[in-house]
Amino acid sequence: MALLDILTFPDPRLRTKAKPINEFTDELNTFIDDMFETMYDAPGIGLAATQVNFHKQLVVIDVSEDKSEPYCFINPEITHKEGAEVCQEGCLSVPEFFADVTRAENITVKALDRNGKAFELEADGLLAVCIQHELDHLNGKLFVDYLSPLKQQRLRKKMEKLAKQKASA
Ligand code: NI
């Protein structure tokens, strides 16, 4: 297995819209394992393929504390949304930044698993928030897009400064 490089905001590749997956190959399975390893190593609770520069509809999620609830969603689609809740979110592509975002409280999502088998899941709480956040990535959307323009501008400057420091270090 291998750790994958995670793109960071404001990298324009994070704005790519992911395409559906039609083939379930050994290569795809290995890549999914690499995504889980990369997510656990970061550490994070969710990772979309977009974030590792693979522009297919694939996300991995595990909101448990002991890596016991790994979920892989391929070609996911939210079929039902209900309620609203505010949750503080972060993102592996926006390191060291957290902000409140309003999301649906209960969702139903349908997707394919890593073998191409269809399943449906009802989620609430942190899992529901995480699924909505990761599915946004597949549409080229980031949680910081929900912030006011002024806050987005400040964040962009901060991230560009950090990137420069990193490049010159
Ligand atoms: Ni994210």
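Residues numbered from 1 in each chain as written. Predicted model: local features only at pLDDT ≥ 70, side-chain atom pairs only at ≥ 80, totals over all residues. Heavy atoms only, no water.

Undergrad: Residues and numbers for the overall build of the protein, please.
TA: In terms of helices and strands, the protein carries three helices and seven strands. From first element to last, N terminus to C terminus, the protein shows the α and β order α-β-β-β-β-β-β-β-α-α. Taken against the 2.2 N^0.38 rule, which gives 15 Å for 169 residues, the C-alpha radius of gyration of the protein at 16 Å falls within 12% of a compact globule. Here the C-alpha coordinates of the protein stretch approximately 45 × 40 × 30 Å along the principal axes. With 169 residues in all, the protein has 41% of them scored as buried. (Helix = DSSP H or I, 4+ residues; strand = E, 2+ residues; numbered from the N terminus. Rg over C-alpha atoms; globule rule 2.2 N^0.38 Å. Buried < 20%, exposed > 50% of the residue type's maximum accessible area, 1.4 Å probe, protein only.)

Undergrad: Please provide a residue-by-residue account of the environment of P10, values included.
TA: Within the secondary structure, P10 is located in the segment before α1 (26-41). Between the C-alpha atoms of P10 and V94, which are 84 residues apart in sequence, the distance is 8.5 Å. Residues in contact with P10, not counting those within four places in the same chain, are R156, M159 and E160. (Contact = heavy atoms within 4.5 Å.)

Undergrad: Would you mind going over α1 in detail, with residue names and values included?
TA: With 16 residues, α1 should cover 22 Å at 1.5 Å per step; its first-to-last C-alpha distance of 22 Å lies within 8% of that length. Listed as buried for α1 are L28, F31, I32, D34, M35, F36, T38 and M39. Where α1 is buried, its residues contact β1 (46-48), β2 (58-61) and β3 (71-82). (Expected span 1.5 Å × (residues − 1).)

Undergrad: Please set out the nonpolar core residue by residue, giving values where relevant.
TA: Most often, soluble globular proteins have nonpolar side chains that are buried together. Ranked by size, the top nonpolar core spans 18 residues in total, and within it V59, I61, F73, L127 and I131 carry the most contacts. Among the secondary structure elements, those contributing two or more residues to this core are β2, β6 (106-112), β7 (118-124) and α2 (125-138). The element that contributes the greatest number of residues to this core is α2, accounting for six residues. (Core = buried A, V, L, I, M, F, W, Y, C linked by side-chain atoms within 4.5 Å.)

Undergrad: Help me get a handle on the coordination of the nickel ion, residues and values and all.
TA: The nickel ion binds to the protein through C91 (SG), H133 (NE2) and H137 (NE2); the donor distances cover 2.1 to 2.3 Å. When the donors of the nickel ion are listed by position in the chain, the intervening gaps give C-x41-H-x3-H. Taken together, the residues span a long stretch of sequence, with C91 in strand β4 (residues 85-91) and H133 in helix α2 at a distance of 42 residues. You can call C91 buried: its relative accessible area is 11%. The class for H133 is buried, based on a relative accessible area of 6%. (Donors = N, O, S within 2.8 Å, 3.2 Å for Na, K, Ca; no water.)

Undergrad: Summarise α2; cite the residues concerned and give the values.
TA: The end-to-end C-alpha separation of α2 is 21 Å, in line with the 20 Å expected for 14 residues at 1.5 Å each. Taking burial as the measure, the 14 residues of α2 include 12 buried ones, the bulk of the element. Positive phi shows up at G140, right after α2, with a value of about 75°.

Undergrad: Explain the environment of H133 to me, using residue names and the numbers behind them.
TA: Taking the C-alpha atoms as reference, H133 lies 8.7 Å from R103; in sequence the two are 30 residues apart. Residues contacting H133, with those up to four places away along its chain left out, are E89, G90, C91, R103 and F143. Within the local environment of H133, its side chain forms a polar contact with the side chain of H137, the two groups lying 3.3 Å apart. (Polar contact = N/O pair within 3.5 Å; in protein donor to acceptor, adjacent residues only side chain to side chain.)

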